[in-house]
Amino acid sequence: MTLQQEIVGNAMQMAVVSLSPGQTVYCEAGKFLFKTSNVTMETRLSGPSDGGRAQGGGGGMGGMLRQAMGTAMQVGQRMLAGESMAFQYFSAQGGEGTVGFAGVLPGEMRALELDGTRAWFAEKDAFVAAESTVEFGIAFQGGRTGMSGGEGFVLEKFTGRGTVIIAGAGNFIDLDPADFGGRIEVDTGCVVAFEEGIRYGVQRVGGLNRQGVMNAVFGGEGLSLATLEGSGRVILQSLTIEGLANALRKAQGGDKQGPTGGLFSTHEG
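Residues numbered from 1 in each chain as written. Predicted model: local features only at pLDDT ≥ 70, side-chain atom pairs only at ≥ 80, totals over all residues. Heavy atoms only, no water.

1. What to know about the nonpolar core
Note on soluble globular proteins: their nonpolar side chains tend to be buried together. Residues Tyr-26, Phe-127, Phe-158, Val-164 and Ile-166 are the most contacted members of the largest nonpolar core, which totals 19 residues. Those elements that place two or more of their residues in this core are strand S6 (87-92), strand S8 (109-115), strand S9 (120-122), strand S10 (127-131), strand S11 (134-140), strand S12 (154-167) and strand S15 (191-195). Among the elements that line this core, the one with the most residues is S12, at three residues. Once residues lying within four places of it in the same chain are set aside, the contact partners of Ile-166 are Glu-108, Met-109, Arg-110, Leu-112, Ala-126, Val-128, Phe-158, Val-192, Ala-193 and Ile-235. (Core = buried A, V, L, I, M, F, W, Y, C linked by side-chain atoms within 4.5 Å. Buried < 20%, exposed > 50% of the residue type's maximum accessible area, 1.4 Å probe, protein only. Helix = DSSP H or I, 4+ residues; strand = E, 2+ residues; numbered from the N terminus. Contact = heavy atoms within 4.5 Å.)

2. So, the environment of Val-154
Counting through the fold element by element, Val-154 comes out in strand S12. Residue Val-154 is classed as buried on the basis of its relative accessible area of 4%. In this structure, the C-alpha to C-alpha distance between Val-154 and Glu-123, residues 31 residues apart in sequence, is 7.6 Å.

3. Observations regarding the pairing of S15
Here S15 lies mainly inside the structure; five of its five residues are buried. With three bridges connecting them, S9 and S15 associate as antiparallel partners. Looking at the pairing, Phe-121 lines up with Phe-194 of S15. Relative to strand S18 (residues 234-237), S15 is paired through three bridges, and the arrangement is antiparallel. Pairing of Ala-193 across the sheet is with Ile-235, part of S18. (Pairing = 2+ DSSP bridges.)

4. Regarding the side chain of Thr-227
Mapping Thr-227 onto the fold places it in strand S17 (residues 224-229). Given the relative accessible area of 5%, Thr-227 is considered buried. Residues contacting Thr-227, with those up to four places away along its chain left out, are Arg-183, Ile-184, Glu-185, Arg-199, Tyr-200, Gly-201, Val-202 and Gln-203.

In structure tokens form, the structure reads like this:
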């Protein structure tokens, strides 16, 4: 059953979801906004694949131990992806119900429809909510890629069938690398999400020469750019979290970045 949802708002968008009786949606703790009184709310450490086993256990002491270890692994994965330890689950009882979700940054939200054939990958903390038929996991892009790219080391991964809602900062633009010769190069902080089949990597900005040093020190991009290759949907955001943080520091008189950007940025984390 397709999740009935509507993205509303402009500068700070929200997702309003209509639930059929018995239908369940889950979100990261802290992304819930409102609900009607016939929608139940339950907070659990377990992921949607556990279903009823999350409460019942079963299988004696061995089953309980396996369940506890599986839940601990899921919690560890979510923490690596920058998400909360727990999920909140919402189900409609006795009729149609409504529940609302919001992101944490000024920007857009997007509902992605999974048909079971292609996974979606998203940057850390992009997840807002999803149907219980959608699995939340993480994917590693490999030590070398992650160490170079900063944001690209751990990605959120969504599989299964159903709707998943993500959020980012600023405005979104949808691109397909195939429309640009099969490859685009992007500021590492601007990648929101992309379909399975897109090859994600990180490359150094310029060579170890005068222009390469100028790009890194004065260009505002640091040493690396994200590369996206292949054919498929890519979602980029116009505002990076670092850019927003720098703007806030500057407005408060605490900006020490100066005109250089790049390597001389005082951004921490």
